[in-house]
Amino acid sequence: MGVLEDKANARLFYKYLSKVYDRINPFIWNEEMRDEALEWLAIDEGDRVLDVGCGTGFATEGLLRYTDDVHGLDQSRHQMEKAFEKFGSRDRVRFYRGDAERLPFADDSFDVVWSSGSIEYWPNPVAALAEFRRVVKPGHRVLVVGPDYPNNSVFQRLADAIMLFYDEREAQRMFEEAGFVDIEHHIQQAYPGSPRAITTIARAPDE
């Protein structure tokens with residue numbers, strides 16, 4: 001387990017990263033990548049959407065183009081404070097402080113679950129994905145963006161020491177184990193040579 005898969009370490013990390021996150025993030029996960037992923041997900045107007053690991057609200061901004069019913073959850077108070085500055089704590093988005101592995105919502109609460117830049121910090125990603133399946137309505141879809149596993153062996157050792165990196169095969173295993181079907185994977189990249197993201201879209205089984 002990487003050092004940032006420890007929740008206390010991750011919270012401390014984001015206490016400081018939150019100050020510069022919106023300036024650093026576009027080098028790894030930019031608007032073009034986000035918007036492409038949103039097109040794949042095809043959110044309908046009026047869908048109730050949960051943004052898990054919403055951070056400062058970068059993905060939330062994109063989600064609000066499709067629906068006004070967006071809910072954001074994050075474990076980092078400092079990241080959420082930045083999101084409050086953008087949206088207000090109770091205005092356009094309803095925010096919750098919570099854990100991806102123990103979502104504070106009833107079964108079948110959402111039409112869509114989105115999560116970008118969060119899975120790499122989860123100690124038990126399959127448990128969190130099972131929570132996604134629990135709170136999304138049967139037959140509806142989730143989208144998760146995480147860091148693609150590097151090809152270089154040196155970078156692989158470094159990646160493993162920091163947080164969760166995974167390839168398409170591992171993503172398939174995790175989503176299947178969590179009970180999803182119709183799983184598809186896309187590799188995204190801000191520019192040649194930058195870190196790659198693996199974006200997975202999957203559907204909860206019909207009842």
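Below you will find a few notes about this structure. This is a predicted model, so every value here is computed, not measured.

Another point: the overall build of the protein. A count of helices and strands for the protein gives eight helices and seven strands. The 207 residues of the protein split such that 51% are buried. Within the protein, contacts between residues separated by at least 24 positions form 67% of all contacts whose residues are at least 6 apart in sequence. Total accessible area computed for the protein in this model is approximately 10,100 Å², and 48% of it derives from carbon and sulfur atoms.

Right, let's get into unusual backbone geometry. Backbone geometry places Asp108, a non-glycine residue, at a positive phi of 55°. Here Asp108 is to be found in the loop between strand S3 (93-97) and strand S4 (110-116).

On to the sheet that holds strand S5 (residues 136-147), then. The strand order across the open sheet formed by seven strands is S3-S2-S1-S4-S5-S7-S6, and the pairing between neighbours is mixed. Two strands lie at the open edges of the sheet, namely S3 and strand S6 (181-189), each paired on one side alone. Along the sheet, successive strands turn relative to each other by an average axial angle of 15°, direction set aside. Pairing of strand S1 (residues 48-52) with S4 involves three bridges; the strand directions are parallel. Its bridge partner lying in S4, Leu50 is registered against Val113. Along the sheet, helix H3 (residues 31-41) makes contact with S4, S5, S6 and strand S7 (196-203), crossing S6 at roughly 160°. The strands that helix H6 (residues 125-135) touches are S1, S4 and S5; relative to S5, the one it contacts most, it runs at about 150°.

Let us now look at the environment of Asp182. As for its placement among the helices and strands, Asp182 is situated in strand S6. Residues Asp182 and Arg203 lie 21 residues apart in sequence; the distance between their C-alpha atoms is 5.8 Å. Filtering out sequence-adjacent residues up to four positions away, Asp182 remains in contact with Ile201, Ala202 and Arg203. Looking at Asp182, its side chain comes within polar contact range of the side chain of Arg203, at 2.7 Å.

The next thing to look at is the pattern of salt bridges. For the structure on display, the rule yields twelve salt bridges. Residue Asp35 pairs with Arg65 through a salt bridge whose shortest N-O separation is 3.1 Å. Linking Asp35 in helix H3 with Arg65 in the loop between helix H4 (58-63) and strand S2 (69-74), this pair joins segments that are 30 residues apart in sequence. A salt bridge links Asp111 to Lys137, with the nearest nitrogen and oxygen atoms 2.9 Å apart. Taken as a pair, Asp111 in strand S4 and Lys137 in strand S5 lie far apart in primary sequence, 26 residues in all. On the basis of relative accessibility, which here comes to 10%, the residue Asp111 falls in the buried class. Residues participating in the shared-partner salt-bridge network are Arg34, Asp35 and Arg65.

Let us look at the nonpolar core. Leu50, Val52, Val113, Leu129, Phe132 and Phe180 are the most contacted members of the largest nonpolar core, which totals 29 residues. Broken down by secondary-structure element, the contributors of at least two residues to this core are S1, S4, H6, S5, helix H8 (168-177) and S7. At five residues, the largest contribution of residues to this core is made by H6. When neighbours within four sequence positions are excluded, Leu50 is seen to be in contact with His71, Leu73, Leu103, Phe105, Phe110, Val112, Val113, Trp114 and Val135. One finds Trp29, Met33, Leu41 and Met80 within the second-largest nonpolar core, a separate group that totals 24 residues.

Cut-offs applied
Residues numbered from 1 in each chain as written. Predicted model: local features only at pLDDT ≥ 70, side-chain atom pairs only at ≥ 80, totals over all residues. Heavy atoms only, no water. Helix = DSSP H or I, 4+ residues; strand = E, 2+ residues; numbered from the N terminus. Buried < 20%, exposed > 50% of the residue type's maximum accessible area, 1.4 Å probe, protein only. Contact = heavy atoms within 4.5 Å. Areas by Shrake-Rupley, 256 points an atom, 1.4 Å probe, with all protein chains shown as cover. Pairing = 2+ DSSP bridges. Axes fitted to C-alpha atoms, helices over the stretch in contact; angles between N-to-C directions. Polar contact = N/O pair within 3.5 Å; in protein donor to acceptor, adjacent residues only side chain to side chain. Salt bridge = Lys/Arg side-chain N within 4 Å of Asp/Glu carboxyl O. Core = buried A, V, L, I, M, F, W, Y, C linked by side-chain atoms within 4.5 Å.

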